[in-house]
Amino acid sequence: MEQSKKRNSWRMPVGMIAVVAVIIIAVIFGLKGGDATVVKDADLVISISEISTKANFYPVEIDGTELEVLAVEAPDGSIRTAFNTCQVCYSSGRGYYEQDGDVLVCQNCGNRFRMDQIEIESGGCNPVPIFDTNKTVTEDSIIISKELLTEAKVIFTNWKTQ
């Protein structure tokens, strides 16, 4: 009887350790896919293998200014990239996008953009496109230069401040 109590006393702590381990692993792997590492004062390199129909948001910091690039697979299978700020609403501090199903929604004006509109439409209230001429695409990655990111700092000076 005494031995049985000793054996059972280890079940609770071991079980708790297993639960904690699972939570830690879930958090670590949940941050994968472009949301984990901030690129600082360098080119942004996006692995094509991690791009899907769920928009990935890539944080960048250039000279102390926080920026964000989004990459997503459009319904036609092409990969679209844009700065995660609205061409009209960027100065509001809430001119950024969050995904809602198969659209991106501007958090300031509420306009909704289908994935096939990203990087196609320029001007007006939509994500600031990063066109093919402004990035290098290889078989494995998309590279957005530090120079382009530096130029984009101006549209992020009030970003996510309200």
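Read on for a plain summary of the structure. What you are looking at is a predicted structure, and each value in this text was computed from that prediction instead of being measured.

The subject of this paragraph is the side chain of Asn126. Take Asn126: it is sitting in the loop between strand 8 (112-114) and strand 9 (127-129). On the basis of relative accessible area, Asn126 is assigned to the buried category, the value being 4%. When sequence neighbours within four positions are dropped, the list of residues in contact with Asn126 reads Thr85, Cys86, Gln87, Tyr97, Phe113 and Glu121.

Judged by pairing direction, the sheet is mixed, and its five strands sit side by side in the order 1-3-4-5-9 without closing on themselves. Edge strands, defined here as strands with exactly one partner in the open sheet, are strand 1 (39-40) and strand 9. Two elements, strand 3 (residues 56-62) and strand 4 (residues 65-73), share seven bridges in a ladder whose sense is antiparallel. From the neighbouring strand, Pro59 faces strand 4, where its bridge partner is Glu68.

Here we come to the environment of Thr65. Relative to the helices and strands, Thr65 is located in strand 4. The exposure class of Thr65 is buried, given its relative accessible area of 15%. In this structure, the C-alpha to C-alpha distance between Thr65 and Asn158, residues 93 residues apart in sequence, is 9.5 Å. Once residues within four sequence positions are removed from consideration, Thr65 is found in contact with Val60, Lys153 and Phe156.

The strands making up a sheet associate through backbone hydrogen bonding, with each pair oriented either parallel or antiparallel. Here three strands make up an open sheet; going across it, the order is 2-11-10 and the pairing antiparallel. Since the sheet does not close on itself, it has two edges, and those belong to strand 2 (44-47) and strand 10 (136-137), each with one partner. Alignment of strand 2 against strand 11 (residues 141-144), held across four bridges, turns out to be antiparallel. Within strand 11, the residue paired with Val45 across the bridge is Ile143.

Here we come to the pattern of salt bridges. Enumeration according to the criterion identifies seven salt bridges in this entry. In this structure, Arg114 engages Asp116 in a salt bridge whose closest nitrogen and oxygen atoms are separated by 3.0 Å. The partly exposed category is assigned to Arg114, whose relative accessible area is 47%. One continuous salt-bridge network, built from bridges that share partners, spans Glu119, Asp132 and Lys135.

What follows covers the packing of aromatic side chains. Applying the stated rule across the entire model yields four aromatic pairs. Judged by centre distance (6.4 Å) and plane angle (75°), the rings of Tyr96 and Trp159 are edge-to-face. Taken together, the residues Tyr96 in the loop between strand 5 (79-86) and strand 6 (97-100) and Trp159 in the segment after helix 3 (146-152) connect sequence positions 63 residues apart. A single burial state applies to Tyr96 and to Trp159, both of which are buried. Centre to centre, the rings of Phe156 and Trp159 are 5.3 Å apart; their planes meet at 70°, and the pair counts as edge-to-face. No difference in accessibility class separates Phe156 from Trp159, as the two residues are buried. A network of ring pairs unites the aromatic residues Phe83, Tyr96, Phe156 and Trp159 as a single cluster. Positioned above the aromatic ring of Tyr96, the side-chain terminus of Lys160 is 4.7 Å from the ring centre.

Okay, the pairing of strand 11 next. Note: strand 10 against strand 11, two bridges, orientation antiparallel. Across the sheet, Val137 pairs through a bridge with Ile142, a residue of strand 11. In this structure, the hairpin formed by strand 10 and strand 11 is closed by a connection of three residues.

The rules behind these values
Residues numbered from 1 in each chain as written. Predicted model: local features only at pLDDT ≥ 70, side-chain atom pairs only at ≥ 80, totals over all residues. Heavy atoms only, no water. Helix = DSSP H or I, 4+ residues; strand = E, 2+ residues; numbered from the N terminus. Buried < 20%, exposed > 50% of the residue type's maximum accessible area, 1.4 Å probe, protein only. Contact = heavy atoms within 4.5 Å. Pairing = 2+ DSSP bridges. Salt bridge = Lys/Arg side-chain N within 4 Å of Asp/Glu carboxyl O. Phe/Tyr/Trp six-rings, centres within 6.5 Å; stacked < 30°, edge-to-face > 60°. Lys NZ or Arg CZ within 6 Å of the ring centre and 35° of its normal.

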